[in-house]
Amino acid sequence: MVHGGVLPSGLLCVSIFSSEGSRRGMVGPVRPQFVLFGSSIVQTSFSNGGWGAILTDIYSRKADILVRGYYGWNSRRALQVLDKVFPKEAEVQPSLVIVYFGGNDSLPPHPSGLGTHVPLEEYVDNMKKIAAHLKSLSESTRIIFLTCPPVNEAKAKIRQATRIANTVVRTNEMSQKYSEACVGLNGHLGVQVVDVYDAIRKQDGWMDTCFTDGVHLAEEGSKVIVKEILKVLKEADWEPCLHWKSMPTEFSEDSPHDLIAPGGKGTINPSEWTSYRATQWD
């Protein structure tokens, strides 16, 4: 199916949609899919040196990182769209889903009954339902949950005062409770849990270096998450292994069209080069 339109500049824009193409993927070769699913910590994961962007770099030529992040969402809203984001009838299912919900769930309830607060027991039940749905997609779909990070409460209050009701204040006390509840799901239906709350608090000066606004992650905070995710992927007893060093690199065969080697004799294959990265990941 072909659709056309005219851009403000006057240029003709043509897009082609094919139901068959959407099932098979528009670009090949087909790579394993890693889906990041969650609230603003996911939606902003490509901003400010975010963890989604870092993972995409690490897994270049190995896996496609797909972002399904929804600012301000809680686990209730996640359940409402599970079938749309992860349809069971899809021809290609993700190899890995990294899920983050809890920060908005942990916000205190508002007297009006509106808002993102989800009681702790319901949050745990919702996360179990999310895990069950993802596990049903395929036998090879793996799942990682990320817990709530801590917050810089002083900065968070300043941020929230201009955006949401002043009575709804994010605290480390609540973040820790929801984080611990999520950690308690480790091993449930094969889920692996990254304790983001604990990992960030172990960093020197974490309140000043790990956040952009007291809540959302700066590059240093994202690096902590990436390190912990890679640790899980390296140590998990999953077959096939989804750690980047264990996955094949696309089109990595030697070629006479590779870069010329020092001395001018033969070529050198740069497929596995990582020296361009400021951080050398394990």
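Note that the coordinates shown come from a computational prediction; the quantities given were computed from them, not determined experimentally.

J.: Honestly, the packing of aromatic side chains in this entry has me stumped. Any pointers?
T.: Given two aromatic rings, their pairing is described by the distance between the two centres and the angle made by the two planes. The final tally for this structure, using the stated rule, is six aromatic pairs. Between phenylalanine 37 and phenylalanine 86, the ring centres sit 5.2 Å apart and the planes meet at 85°, which makes this aromatic pair edge-to-face. Residue phenylalanine 37 is found in strand β3 (residues 33–38), and its partner phenylalanine 86 is found in the loop between α4 (75–85) and β5 (96–100); the two are separated by 49 residues along the sequence. The exposure classification of phenylalanine 37 matches that of phenylalanine 86, with both residues buried. Each ring, one from tryptophan 206 and one from phenylalanine 211, has its centre 6.1 Å from the other, and the planes form 75°; the classification is edge-to-face.

J.: Help me understand the sheet that holds β5 in this model?
T.: The pairing of strands in a sheet comes from backbone hydrogen bonds and takes either a parallel or an antiparallel form. On the basis of which strands lie adjacent, the open sheet formed by five strands has the order β4-β3-β5-β6-β7 and parallel pairing. The sheet terminates laterally at β4 (64–69) and β7 (192–194), the two strands that pair on one side only. Taking each pair of neighbouring strands and ignoring which way they run, the sheet shows an average axis angle of 20°. Relative to β5, β3 runs parallel, the two sharing five bridges. Across the sheet, the residue bridging to glycine 38 is tyrosine 100, located in β5. Helix-sheet contacts for helix α3 (residues 51–58) involve β3, β4, β5 and β6 (142–146), and the interaxial angle to β4 is about 165°. In this fold helix α10 (residues 219–235) packs onto β5, β6 and β7, with an angle of close to 145° to the strand it touches most, β6.

About the cut-offs
Every chain is numbered independently, its residues counted from 1 as its sequence is written. Only residues with pLDDT of at least 70 are given local features in this predicted model, and only at 80 or more are side-chain atom pairs given and counted; all residues enter the totals for whole chains, interfaces and linings. To get the side-chain values, all heavy atoms of the structure are used, and hydrogens and water are removed first. Planes of paired rings set the category: under 30 degrees apart is stacked, over 60 is edge-to-face and the rest tilted, where pairs are Phe, Tyr or Trp rings (Trp by its six-membered ring) whose centres lie within 6.5 Å. Secondary structure elements are defined from DSSP: runs of H or I of at least 4 residues count as helices, runs of E of at least 2 residues count as strands, and each element is numbered from the N terminus. The classification of residues rests on relative accessible area computed with a 1.4 Å probe and restricted to protein chains. Under 20% of the type maximum is buried, over 50% is exposed, and intermediate values are partly exposed. A pair of strands is considered paired only if DSSP assigns at least 2 bridges between the two. In this analysis, axes come from line fits to C-alpha atoms, helices being fitted only over the stretch in contact, and the angle between any two N-to-C directions falls in the range 0 to 180 degrees. We call two residues in contact whenever any of their non-hydrogen atoms come within 4.5 Å of each other.

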